[in-house]
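Geometric and topological summary
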Amino acid sequence: MFKIVVIGDSAVGKTQLLGRFTRDEFFLDSKSTIGIEFQTHTVDIARRRVKAQIWDTAGQERYRAVTGAYYRGALGAMLVYDVTRRHTFEHAARWVDELRAHADKSIVVMLIGNKADLAAAGRAVAADEAAAFAEEQGLFFSEASALSGENVERAFLRLLEEIHANVSRRPLGVAADEEASADGRGHGGGADVLMLKGTKLSLADEMSIIMETSALRRASSCSCS
Ligand SMILES: Nc1nc2c(ncn2[C@@H]2O[C@H](COP(=O)(O)OP(=O)(O)OP(=O)(O)O)[C@@H](O)[C@H]2O)c(=O)[nH]1
Ligand SMILES: [Mg+2]
């Protein structure tokens with residue numbers, strides 16, 4: 001189980017990228033995400049079954065829930081901006097700072113310039129500029145379109161491959177132990193062991209996410225300003 005977080009400003013297409021990758025779906029009139037949601041999707045990476053657990057939250061500060069638990073145990077991140085709205089790209093540096101502050105140092109990050117289908121008519125960020133920023137920050141980079149599906153699966157698979165390579169490069173003792181667990185041959189067996197090692201999400205974390213998310217939902221349906 002590989003935990004991936006999707007981050008970036010509001011309305012850049014985080015939820016639609018996730019829907020395209022996990023269910024091959026797209027909704028033009030999607031609503032802003034409130035709190036935290038996640039989807040899982042199983043793929044084959046380097047002849048191994050890998051379950052990607054992909055977490056999605058609101059780009060807008062007031063709809064976001066607990067930051068620490070969101071990033072905890074994440075092995076990868078999709079940092080999304082909208083190729084037609086320049087400020088969403090300019091904020092990418094802030095999202096990188098947030099990752100550096102809250103995520104594991106070895107997290108693999110993919111910068112995604114989404115809405116590539118609109119680039120011909122309304123591009124506001126050159127691909128070269130984004131690629132240079134990604135290189136400087138040590139991120140992978142791809143433009144994509146959740147609407148057309150272009151590059152979506154490829155970008156997620158690349159991220160998962162890089163995470164897989166990262167995990168495989170861990171010290172021999174750790175890797176061997178995790179592989180045995182993943183195959184069900186280790187103590188306790190089963191992929192859950194690997195997931196618990198990876199995410200270290202305690203029951204208290206899960207409860208706080210559920211409670212804060214429902215509080216956010218109540219607040220967002222309140223008519224007060
Ligand atoms: N043309 C085009 N529109 C897109 C694309 N991806 C998303 N959209 C649209 O952009 C809007 C926002 O998409 P969301 O996926 O909800 O954005 P988000 O980043 O999850 O936003 P928050 O949940 O508020 O943080 C919706 O109207 C989508 O239909 C894309 O690739 N191309
Ligand atoms: Mg969303």
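Refer to the structure above for everything that follows.
Rules behind the numbers
- Residues numbered from 1 in each chain as written.
- Chains lettered and ligands numbered in written order.
- Predicted model: local features only at pLDDT ≥ 70, side-chain atom pairs only at ≥ 80, totals over all residues.
- Helix = DSSP H or I, 4+ residues; strand = E, 2+ residues; numbered from the N terminus.
- Buried ≥ 20, exposed ≤ 12 C-beta atoms within 10 Å, placed from the backbone.
- Contact = placed C-beta atoms within 7 Å.
- Near = placed C-beta within 6 Å.
- Nonpolar A, V, L, I, M, F, W, Y, C, P; charged D, E, K, R; others polar.
- Core = buried A, V, L, I, M, F, W, Y, C linked by C-beta atoms within 7 Å.
- Expected span 1.5 Å × (residues − 1).
- Arc of directions from axis to C-beta.
- Pairing = 2+ DSSP bridges.

1. Digging into the overall build of the chain
For the chain, the helix and strand inventory stands at 10 helices and 6 strands. A total of 225 residues make up the chain; the buried ones form 36% of that total. The contacts in the chain between residues at least 6 apart in sequence include a share of 72% that link residues at least 24 apart.

2. What to know about the site of ligand 1
Looking at ligand 1, there are 23 residues lining it, with Gly13, Thr15, Ser32, Thr33 and Gly59 nearest. If one sorts the elements of the shell around ligand 1 by residue count, helix 1 (residues 14-23) sits on top with 3 residues. Split into classes, the residues belonging to the shell around ligand 1 amount to 8 nonpolar, 11 polar and 4 charged.

3. Considerations on the nonpolar core
Grouped together as the largest cluster of nonpolar side chains are 51 residues, with contacts concentrated most on Ile4, Leu17, Ala77, Met78 and Leu79. With 6 residues, the single largest contributor to this core is helix 7 (residues 152-168). Apart from the residues within four sequence positions on either side, alanine 77 is in contact with Ile4, Val5, Ile7, Leu99, Ala103, Ile107 and Val109.

4. A few points about helix 7
Taking 1.5 Å of rise per residue, 17 residues should cover 24 Å, and helix 7 covers 24 Å from first to last C-alpha, within 8% of that figure. For helix 7, every residue scored as buried is listed here: Val152, Ala155, Phe156, Leu159, Leu160 and Ile163. The buried residues of helix 7 occupy an angular sector of 130 degrees when the element is viewed end-on, so they sit on one face. Helix 7 presents Arg154, Ala165 and Ser168 as exposed residues on the side facing more than 90 degrees away from its buried surface.

5. Brief notes about the pairing of strand 5 (residues 108-114)
The element strand 5 is extensively covered by neighbouring structure, given that 7 of its 7 residues are classed as buried. Alternating residues of strand 5 divide into Val108, Met110, Ile112 and Asn114 and Val109, Leu111 and Gly113, and every residue in both groups is buried. Judged from the 7 bridges that link them, strand 4 (residues 76-82) and strand 5 form a sheet pairing that is parallel. Bridge assignment links aspartate 82 to a residue of strand 5, and that residue is asparagine 114.

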